[in-house]
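Each chain is listed here by its residues.
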Amino acid sequence: MSSATVSMHGARPNYLAGALYGIAAVTIWAGWMSVTRLGVTTSLTVTDLTMLRFGTAGLLLLPVVLRQGLATDRIGWWRLMVLICGAGAPYAVIAAMGLRFAPAAHGGVLIPGVMPLLVAILSAIFLKEHFTRSRKVGYGLILLGGMMIIGLSALLPGPDHTIGHLLFLTGAFIWACYAVTLRQTRLGALHASALVSVGSAVIFLPFYLVSRGLSLPPAPWHDILFQALFQGVLATVVSLFFFGKAITYLGASAGAAFGALVPALAALIAIPVLGEIPSLSDWTGIIAVSAGVYLASGGPLRFPRKKMRPSSS
């Protein structure tokens, strides 16, 4: 068996594992858009959700930080702060605030849809990463599909939507910084999730106490419990672990490209949860994004060659 064949067979399990981790992570993110929008428009505030998210996750992952440390001797304080800001409380506040001003579908496109493009740019600048033609086509399809899903409403003037879109794009940028920095640090997925969660809880707690005090949010207890479990366990611990594993297998730009699946999954989740039926242009965009994320993530395009029959003399 040739070395090229061995390399190809060895790459397939890595891609499959990375793809499964990436899809699992973005499924949770897609659900987060709807769950968070429900929370901030009903019984809870942005600060309530952020504290429930990182307070819960910080307590769960504190033993990991106590055991493995802050890793500042390897990654430095500034990289640690980039990780905390990019995927921690600052990102959560920015994204949740955006969901107060603009629809969840727009957030599902402008954060994870734009983020792979930003990661690719940052990876090319700081990691000297090069991209194949198929990945470049994939990024183009992601952009095209995202614009189809957003629709013309995103281009119309309106203070609420404009503020929301700017917040979404800011969230996409700082998450891209997180993805590239995570690749540089080579931290384990669980360790990185623990640093983000515990660091966010420590930094955000004083701000929350000043604004809320020691009283619980004036919301039904089942809403608080549900948001604590979803935000603190699934959206933070589980999804960040899966995302970190995807980057470990596929690289920063390829792993981040799976975020572009969030618009498609968010649209599907919104059907039973919110009763929102995607339009024809939305479905067209979903197909374009799905094809684009496959190409941008490095999905194999090779087909098995037919064996040539020996010609008879």
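Residues numbered from 1 in each chain as written. Predicted model: local features only at pLDDT ≥ 70, side-chain atom pairs only at ≥ 80, totals over all residues. Heavy atoms only, no water.

A. The arrangement of the overall build of the protein in detail. Check the secondary structure of the protein and you find 13 helices and zero strands. The order of α-helices and β-strands along the protein, N terminus first, is α-α-α-α-α-α-α-α-α-α-α-α-α. The proportion of buried residues among the 313 residues of the protein is 49%. Across the protein, the fraction of contacts at a sequence separation of at least 24, relative to all contacts at a separation of at least 6, is 88%. (Helix = DSSP H or I, 4+ residues; strand = E, 2+ residues; numbered from the N terminus. Buried < 20%, exposed > 50% of the residue type's maximum accessible area, 1.4 Å probe, protein only. Contact = heavy atoms within 4.5 Å.)

B. Layout of the environment of Leu190. Summarising the element assignment, Leu190 is placed in helix H9 (residues 189–212). In the structure, Leu190 is positioned 50 residues away from Leu240 in sequence and 7.9 Å away in space, judged by C-alpha atoms. Excluding anything up to four places from it in sequence, Leu190 contacts Leu61, Val64 and Phe241.

C. How the structure looks around the confidence of the model for the protein. Confidence in the prediction of the protein, expressed as mean pLDDT, is 81, and 85% of residues score 70 or more. Below a pLDDT of 50 lies the segment residues 1–9, which in the model reaches two contacts outside its immediate sequence neighbourhood of four places, other chains included. (pLDDT = per-residue confidence, 0-100.)

D. Examining unusual backbone geometry more closely. Here the phi dihedral of Ala71 falls at roughly 60°; this positive angle occurs in a residue that is not glycine. With respect to the helices and strands, the residue Ala71 is situated in the loop between helix H2 (46–68) and helix H3 (72–87). One non-glycine residue, Arg186, lies in the positive phi region at around 60°. Position of Arg186 relative to the elements: it lies in the loop between helix H8 (159–185) and H9.

E. Broad picture of the state of the cysteines. Overall, the coordinates contain zero disulfides when judged by the stated rule. The thiol of Cys85 is unpaired, and the distance to the nearest cysteine sulfur, on Cys177, comes to 9.9 Å. On the accessibility criterion, Cys85 (32% relative accessible area) is partly exposed. (Disulfide = S-S within 2.5 Å.)

F. Spatial organisation of H2. With 23 residues, H2 extends 31 Å between its outermost C-alpha atoms, agreeing within 8% with the 33 Å of an ideal straight helix rising 1.5 Å per residue. Its maximal kink placed at Leu61, H2 deviates by approximately 50°, while the proline Pro63 follows within four residues. Just beyond H2, the residue with positive phi is Gly69, at close to 85°. (Expected span 1.5 Å × (residues − 1). Bend = angle between axes of the 7 residues up to and from the residue.)

G. Fine view of a nonpolar patch on the surface. A contiguous nonpolar patch, built from Met81, Val202, Ile203 and Phe207 and spanning about 400 Å² of accessible area, is present on the exposed surface. By residue number, the principal contributor to the nonpolar patch is H9, which donates three residues. Mapping Ile203 onto the fold places it in helix H9. Assessed through its relative accessible area of 39%, Ile203 is described here as partly exposed. (Patch = residues over 30% accessible without salt bridge, like charges linked within 9 Å, V, L, I, M, F, W, Y side chains within 5 Å. Areas by Shrake-Rupley, 256 points an atom, 1.4 Å probe, with all protein chains shown as cover. Salt bridge = Lys/Arg side-chain N within 4 Å of Asp/Glu carboxyl O.)

H. Local environment of the nonpolar core. Ranked by internal contacts, the top residues of the largest apolar core, which has 73 residues, are Trp175, Tyr178, Leu187 and Phe243. The element best represented in this core is helix H1 (residues 3–40), accounting for ten residues. Ignoring any residue separated from it by four or fewer positions in sequence, one finds Tyr178 in contact with Val82, Leu83, Gly86, Ala87, Ala192, Val196, Leu240 and Phe243. Counting residues in hydrophobic clusters, the runner-up holds nine residues, among them Leu44, Val46, Leu52 and Ala219. (Core = buried A, V, L, I, M, F, W, Y, C linked by side-chain atoms within 4.5 Å.)

I. Inspection of the packing of H3 against H9 at higher detail. Here H3 crosses H9 at 75°, and the two axes come no closer than 9 Å. Relative to H9, H3 is oriented roughly perpendicular. On H9, the residues that touch Arg74, Leu80, Met81, Leu83, Ile84 and Ala87 of H3 are His191, Leu195, Val196, Gly199, Ser200 and Ile203. When the residues that make up the contact of H3 with H9 are grouped by side-chain class, the tally is eight nonpolar, three polar and one charged. (Axes fitted to C-alpha atoms, helices over the stretch in contact; angles between N-to-C directions. Parallel < 35°, antiparallel > 145°, perpendicular 65-115°, else oblique. Nonpolar A, V, L, I, M, F, W, Y, C, P; charged D, E, K, R; others polar.)

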